[in-house]
Structures are given as C-alpha cells and as structure tokens.
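Observations on the three-dimensional arrangement
For reference, the chains in residue letters:
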Amino acid sequence: MLIKRREFLKISSLAATSLMMPNFLKAMTLDEALEPNQKILVVLQFTGGNDGLNTIIPTKNDIYFKERNSIAIKDSLPLNDETGINPALSYFKELFDNGELSVMNNVGYPDPDKSHFRSMDIWHSASKSDEFLETGWLGRFLDEECYRCDHPTQALEVDDMLSLALKGENNKAFAFKDPKRLYQTSQEKYFKSLYDHHHDDETVSYLYQTLGSTINNAEYIFEKSKSKKTDQLYPNSQLGKDFKTVASLIKSDINTQVYYLSVGSFDTHVNQNERQAKLFSDINEAVKSFVADLKSNGIFNDVLLMTFSEFGRRVAQNASNGTDHGTANQMFFISGGLKKKGLLNALPDLQKLNEGDLIYTEDFRKVYATILKNWLKADSSKVLGWKNGIYDFI
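One structure accompanies this document, and this report is about it. (Residues numbered from 1 in each chain as written. Predicted model: local features only at pLDDT ≥ 70, side-chain atom pairs only at ≥ 80, totals over all residues. Heavy atoms only, no water.)

1. Considering the packing of helix H9 (residues 238-251) against helix H10 (residues 272-296)
- Packing of H9 against H10 leaves a shortest axis separation of 9 Å and a crossing angle of 15°. The pairing of H9 with H10 is recorded here as roughly parallel in orientation. Crossing geometry of H9 relative to H10 is assigned as right-handed. For the pair H9 and H10, contact is made by Leu 239, Gly 240, Phe 243, Val 246, Ala 247, Ile 250 and Lys 251 and by Asp 282, Ile 283, Ala 286, Val 287, Phe 290, Asp 293 and Leu 294, respectively.
- Here the contact of H9 with H10 is composed, by residue class, of 10 nonpolar, one polar and three charged. (Axes fitted to C-alpha atoms, helices over the stretch in contact; angles between N-to-C directions. Helix = DSSP H or I, 4+ residues; strand = E, 2+ residues; numbered from the N terminus. Parallel < 35°, antiparallel > 145°, perpendicular 65-115°, else oblique. Left-handed = near helix turned anticlockwise from the far one by under 90°. Contact = heavy atoms within 4.5 Å. Nonpolar A, V, L, I, M, F, W, Y, C, P; charged D, E, K, R; others polar.)

So this is what it looks like as structure tokens:
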C-alpha cells in the first residue's frame, strides 16, 4: 500500500497518540461504567507558575503592598477580615461563601527548583528535588489500581500530548484534545485499513495493532462524549471547551475516574496584572459553567476539582511590572463533598523569607496522599511512598 507524505504524517500523528494508550484502554470497548458514587478527580494545571500572592491577597499586610507598589491587588473580593481573592475570580468567591471551595496556602517542597521544566517534573512525578522519576503520581495510581480492581481504572487528559503525571510503569492515560476530531481522524480509510494489515517486522506489526485498537477507543470516547448532551452554556474559550468535554464524559457511563486539563501560561515576568486577569477570567467562567453542569445533574458531591501550579512568584515585583520565578503557592479544591471549607491554613509569612522567596509549610505530596487515600480510595503509601500523614479536608 503506497502512502503519500501527507497521509503518512496523519498516521504518525495518530500513532503518537496511540502509543500513549495503555493496554487497559481496550477495556473501554466493554460497557463498564464507574460504580455508583465513585469519586472523580479533575486536575487543572496552572502552567507557567501562577503568582499566588496576587491570587489570594493578604489585604492587611504592609509588606505585600510595599514590595508590590504598582502591581498589588487593591480591589480584591474579601474572604475574611485579612484575606481577599483576585477580583477576576468572582465565582471562586461565591464558591468560598457557599462552602464549596477550600484553599491550601503555602504549598511546596524542600529545596525548590525554579526551572519550569524541572519543577513541573517534580510536581508531576511527586519526586524529591534530587530524585528523577520516569513515572507520574497518577500513572502509578493507575498501576496500583489495575492490580486490585475487577476492571481497570482509567484516566483521560484533554490535550494533544500526555503529561508525565499520567504515565505509569505499566499503564498510561489517554490524551486527546477533541473527541470528535480524534474519531474523524481514526475513521479515514488509511486508518480503517490497518485492521487487516499485517507486517513481518514485530515492531511495525505492534504499531499497526495499537493503531487499530485506537480506532475502537476513539469511537468509544466520541460516542460517550455526546451521549449526554448538556443544556449548560459554556464559554467559547479553549478551557471552556475542555471543561465541556470533561462534563459530557463524566455524565456518561464511561469508566474514567481521573481527568486532567491545563491552562496558561502564567509566566508573568512583564505586565502581570493584565495577563493574570485574562487567564483568571477564562478560568472563572469555565469553572462556573462546569460546576453548574455538575450540580444540575446531581453529581457535584462526587467530583473534586483540584488546581496547582509548578511554583509561585517572588514576593517583590520586578522592574517590568511583573514577578519572577518563586517557590511556594496555594492550591484550590472545589467540590460539594468537602469536609473542611475555606482557608485551610494560614497565609504565607512575608516576614520570614528565603532570599526573597516564600518558605513552604505544606508539602504537596501530603496533598496528593490525601487525594489518593480519602478521595480515590487508593493506597497512597504504595503510589507515593509517603508515610507522613494526610489532611482531613476531604
């Protein structure tokens, strides 16, 4: 079969997606829905290093206003007498008031790394600063679950490439940006013919078999994504479309427990306030539609939305009305099933800094352990090797 260059590139693109697909995704062709009341985790990554101090604002802290004389947020929405939230996150303020949002302040890890790539790897893999792992914390969760479950637990990332966080040693999540586009690509005649294609070379034969399996799963994901249409209006932003995709899958009977999304870039070295406000506005509106969708379908209590960023920013602003790479940051948790609401701990201490950077007080791996044990009902010590306790907000 002669394949033209353009056709080859299409096959190669689908192959890149297919090779990220673990064997357990073949089980998606079986109609095995999640068990009733199974908890679902949605992770939203703030890529680029969001500035936490201009997200949750210490409204009575003179150091904050002194170090940020031109970028300090002065019109924050009050959460309590000493704390406010960025005005672009007005719906998060509403969730806070309703007891549907928790905030963990000052989250980080020892010996922080200010490189985007290395710090993101640390957060994705849940490694130590001097430890390099090739698997992610959610990927290892998949590895662990597949050994003890009657049917595999699955994860999906709404992106063109699979993040390290979702890569296990034996199992990996499946990454796609648009279920319809993936399905349409898989239905082209060049891909359909792969079902019957055989090759003597073992590696090439495996590639064809994997592509063929992807065709089945692409159709399955697409059918599930449109099986429960929503009346909820979502914003036309990319994040709005991504959340709509996730909501449609959650409402279907697809066997998926973890969803992963990203938004950015928050690398605000220049003119930070304008860039951050635009990103927060997109997030605010997308999350508002997503939560309304979940509530209208009676599943908000069983879904947890968690946000994180690879690091925060330095306390002092720079000369370009922005901030440079820093260390600790906050995490948001949104659900109707929270046990503890609001501010879970104290704001960062701006009087005790490490060369201008925040000193973390909460280890992100303890947060992961909490999510794994209390929400996903997994053995967090096996997944993370973490035995230093958990929190009790879920």
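2. Remarks on the packing of aromatic side chains
- Under the criterion given, the structure shown has 14 aromatic pairs.
- Where Phe 46 meets Phe 266, the ring centres are 5.1 Å apart and the plane angle is 25°; that geometry is what we call stacked. Placement of the pair is Phe 46 in strand E1 (residues 40-47) and Phe 266 in the loop between strand E8 (258-264) and H10, with a sequence separation of 220 residues. Accessibility assignment for this pair places Phe 46 and Phe 266 in one class, buried.
- Judged by centre distance (5.2 Å) and plane angle (70°), the rings of Phe 92 and Phe 332 are edge-to-face. Taken together, the residues span a long stretch of sequence, with Phe 92 in helix H3 (residues 90-97) and Phe 332 in strand E10 (residues 329-334) at a distance of 240 residues. (Phe/Tyr/Trp six-rings, centres within 6.5 Å; stacked < 30°, edge-to-face > 60°. Buried < 20%, exposed > 50% of the residue type's maximum accessible area, 1.4 Å probe, protein only.)

3. Thoughts on the nonpolar core
- If you look at the biggest cluster of nonpolar residues, it comprises 44 residues, and the most contacted ones within it are Val 42, Phe 243, Ile 283, Val 287 and Phe 290.
- For this core, the element with the most residues is H10, which contributes eight residues.
- In this view, Val 42 contacts Phe 243, Val 246, Ile 250, Tyr 259, Leu 261, Phe 290, Val 303, Leu 304, Leu 305 and Met 306; residues no more than four positions away in its chain are not counted.
- If you look at the next biggest cluster of nonpolar residues, it comprises 42 residues, including Ala 126, Leu 142, Ala 173 and Val 383. (Core = buried A, V, L, I, M, F, W, Y, C linked by side-chain atoms within 4.5 Å.)

4. Describing the packing of H3 against H10
- Relative orientation of the contacting elements H3 and H10 amounts to 45°, with a least axis distance of 8 Å. One way to sum up the angle between H3 and H10 is to call them oblique. Here Ser 90, Tyr 91, Phe 92 and Leu 95 of H3 lie close against H10, whose contacting residues are Ile 283, Asn 284, Val 287, Lys 288 and Val 291.
- A class-by-class count of the residues in the contact of H3 with H10 yields six nonpolar, two polar and one charged.

5. Brief notes about the pattern of salt bridges
- Considering all chains together, one arrives at 13 salt bridges under this definition.
- Of the charged contacts, one joins Asp 267 and Arg 313 as a salt bridge, the two residues approaching to 3.2 Å between their closest N and O atoms. Taken together, the residues span a long stretch of sequence, with Asp 267 in the loop between E8 and H10 and Arg 313 in the loop between strand E9 (303-308) and E10 at a distance of 46 residues.
- For Asp 267, a relative accessible area of 29% translates into the label partly exposed.
- For Arg 313, a relative accessible area of 2% corresponds to the buried category. (Salt bridge = Lys/Arg side-chain N within 4 Å of Asp/Glu carboxyl O.)

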